[in-house]
Amino acid sequence: MLTLKFDENVCKTCPTGDCLVKCQYMNVDKDTAKEEMVKIFRGEDSFVFNDCVTCYGCEEYCKRGNHPFYLITERREEKGLLTTPRAITRQWINIGEPQGKYRLGKVKEKVLSFGFMPEFLGWVKGRLFEDVMPSFVFGQEFFCNVVYIHFANTAIIKERLPTIVDNFKKLGVKEVVFMHDECYGSFANLAPAYGIEVPFKVTHYYEYLYNRLQELKDEIRPLNIKVAYQRPCSSRLSAEKHHYVADIMKLIGVDLVEREYQDENALCCGGIFSMCFGYGLADDVQKRNIDDMAEHGAEYCVFNCPACQGTLGEKVAKRGIKPVHMIDLCKMAIGEK
Ligand code: SF4
Ligand code: SF4
């Protein structure tokens, strides 16, 4: 039985209530925030169950070691307050079910994980990856399953994640570089929150790219372009790695525009919103976000998560802003694109 680490006494003495005070989808003061989190912990009802749109933000806003979003999700699940109809949740859960159809490269002690994102099979090529490739894993057997937290389902994550950890362990790997941001967050943040031991080094691919670009420094030609960054919800689970966005941009001569919806104030791509909370919310968030990029003169929109790129890529392109994944941006800087 995996139990979430959460201390209600930490909430009672919290000086900020930032989890809900900073939430961009509710208007909550400090005292209310603290009271609601204690109520949620105790299994009582809260307006938060109705208003939370699963942006993951509060996992970043809480700096006191609690896990407000995981707690909200657990209680929603216990109360049967699902965010989508059961049939849709079941359909998604079936997609991620391990089926023995994974792909392995020539796995070494250091391996790249593509999770269950087929895009990386085509993208992870060239000089940036030549020191590790063809050491990779891909498929449901190595997919974190944390997307189901949007659907108020932690049971399936707690059931599958320990098996996924075991699948890596059986390969004898010592370090896994996660190309899927959410997989990284799962192993670096969610697993420890539930006391799941991860017996290998967990590396975010931004850190890997930054170090690799340092090695290839002589080949970098500054891009001299203005970009907006689309931060994914999953990045809230690895906020300590977010600084690599600015670090990489600086290294490759890219001007990261100072806009309203970035860093802690980032807005979601809206993909999950349209599925769980209606097109009205998705349209509003996407419009504000893209307007903000355009108003600040962004020429490119840089994506981390392929799913965000799938959701927003065409929409930013229609506004004259070129969509590009971070991997391709780095390739451009070393003349590979
Ligand atoms: S979850 Fe974190 S930020 Fe929110 S009230 Fe508790 S300690 Fe404070
Ligand atoms: S997950 Fe996002 S929407 Fe939900 S309470 Fe946390 S910050 Fe607010």
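All residue numbers refer to positions counted from 1 along the written sequence of the respective chain. Here the convention is simple: chains get letters from A, ligands get numbers from 1, in the order in which they are written. A pLDDT threshold of at least 70 governs which residues receive local features in this predicted model, and a stricter bar of 80 or more applies before side-chain atom pairs are shown or counted, although totals over entire chains, interfaces and linings include all residues.

### Here's the deal with the site of ligand 2
Then comes step 1: In this analysis a residue is considered near a molecule or strand if the C-beta atom, reconstructed from its backbone, is found within 6 Å of that molecule or strand. Around ligand 2 sit 14 residues, and of these Cys 23, Cys 52, Cys 55, Gly 57 and Cys 58 come closest.
Then comes step 2: Where helices and strands are cited, they refer to DSSP runs of H or I of at least four residues and of E of at least two residues respectively, numbered from the N terminus. Of all the secondary-structure elements, those providing two or more residues to the shell around ligand 2 are helix 5 (57-61) and helix 6 (68-79).
Then comes step 3: Counted by class, the shell around ligand 2 contains twelve nonpolar, two polar and no charged residues. Ten residues, namely Ala, Val, Leu, Ile, Met, Phe, Trp, Tyr, Cys and Pro, are considered nonpolar, four, namely Asp, Glu, Lys and Arg, are considered charged, and the remaining ones, Gly among them, are considered polar.

### Points about the sheet that holds strand 7 (residues 254-256)
Two pairing modes exist for strands in a sheet, parallel and antiparallel, and in both the strands are linked by backbone hydrogen bonds.
Then comes step 1: By definition, two strands form a pair when at least two bridges between them are found by DSSP. Spatially, four strands are ordered 7-6-8-9 in an open sheet, and the strand pairing comes out parallel. In this open sheet, the two edge strands, each paired with only one partner strand, are strand 7 and strand 9 (322-325). Looking at each pair of strands side by side, their axes are set apart by 40° on average, direction ignored.
Then comes step 2: The pairing of strand 6 (residues 225-230) with strand 7 spans three bridges and is parallel. Each bridged residue has a counterpart across the sheet, and for Val 227 the counterpart in strand 7 is Leu 256.
Then comes step 3: Along the sheet face, helix 16 (residues 326-333) touches strand 8 (300-303) and strand 9 and points at about 90° away from the line of strand 9. Angles run from 0 to 180 degrees between N-to-C directions of axes, and those axes are lines fitted to C-alpha atoms, restricted for helices to the stretch in contact. Working definition of a contact: two residues with C-beta atoms, positioned from the backbone, lying within 7 Å.

### Describing the nonpolar core
As a rule of thumb, soluble globular proteins bury nonpolar side chains together.
Then comes step 1: Counting 94 residues, the largest nonpolar core has Phe 178, Cys 301, Val 302 and Cys 330 as the members making the most contacts within it.
Then comes step 2: In contact with Cys 301, not counting residues within four places along its chain, are Val 227, Ala 228, Gln 230, Met 293, Val 316, Ile 321 and Pro 323. Nonpolar core, as used here: buried Ala, Val, Leu, Ile, Met, Phe, Trp, Tyr and Cys residues forming one set through C-beta atoms within 7 Å. Counting other C-beta atoms within 10 Å of its own, a residue is labelled buried from 20 upward, exposed at 12 or fewer, and partly exposed in the gap between, with every C-beta atom placed from the backbone.

### Brief notes about the environment of Thr 89
Then comes step 1: Residue position: Thr 89 is located in helix 7 (residues 86-95).
Then comes step 2: Separated by 59 residues in sequence, Thr 89 and Tyr 148 place their C-alpha atoms 7.8 Å apart.
Then comes step 3: Residues contacting Thr 89, with those up to four places away along its chain left out, are Leu 82, Thr 84, Phe 151 and Asn 153.

### Some words on the site of ligand 1
Then comes step 1: Not every one of the 13 residues close to ligand 1 is listed here, only the nearest: Cys 11, Cys 14, Cys 19, Cys 62 and Arg 64.
Then comes step 2: Ranked by residues supplied to the shell around ligand 1, first place goes to helix 3 (residues 30-41) with three residues.
Then comes step 3: Along the lines of polarity and charge, the residues of the shell around ligand 1 split into eight nonpolar, two polar and three charged.

### So, the pairing of strand 5 (residues 201-204)
The side chains of a regular strand alternate, first on one face of the sheet and then on the other.
Then comes step 1: The sheet contact formed by strand 4 (residues 175-178) and strand 5 spans four bridges and is parallel. Its bridge partner lying in strand 5, Val 176 is registered against Val 202.
Then comes step 2: If you view a crossover with the strands going away from you and the path from the first strand over the helix to the second runs clockwise, you call it right-handed. In this fold, strand 4 hands off to helix 10 (residues 181-193), which returns the chain to strand 5; that crossover is right-handed.

### Considering the packing of helix 3 against helix 6
Then comes step 1: Two numbers describe how helix 3 lies on helix 6: the axes approach to 9 Å, and their chain directions differ by 45°. Here helix 3 is positioned oblique relative to helix 6, judged by the angle of their axes. The element helix 3 and its partner helix 6 pack so that their crossing is left-handed. Taking contact as the criterion, the partners of Met 37, Ile 40 and Phe 41 in helix 3 are, on helix 6, Pro 68, Leu 71, Ile 72 and Arg 75.
Then comes step 2: A class-by-class count of the residues in the contact of helix 3 with helix 6 yields six nonpolar, no polar and one charged. Comment on the angle field: the value is read as roughly parallel under 35 degrees, roughly antiparallel over 145, roughly perpendicular from 65 to 115, and oblique elsewhere. Here a crossing is called left-handed whenever its near helix is offset anticlockwise from the far helix by less than a right angle, and right-handed whenever the offset is clockwise.

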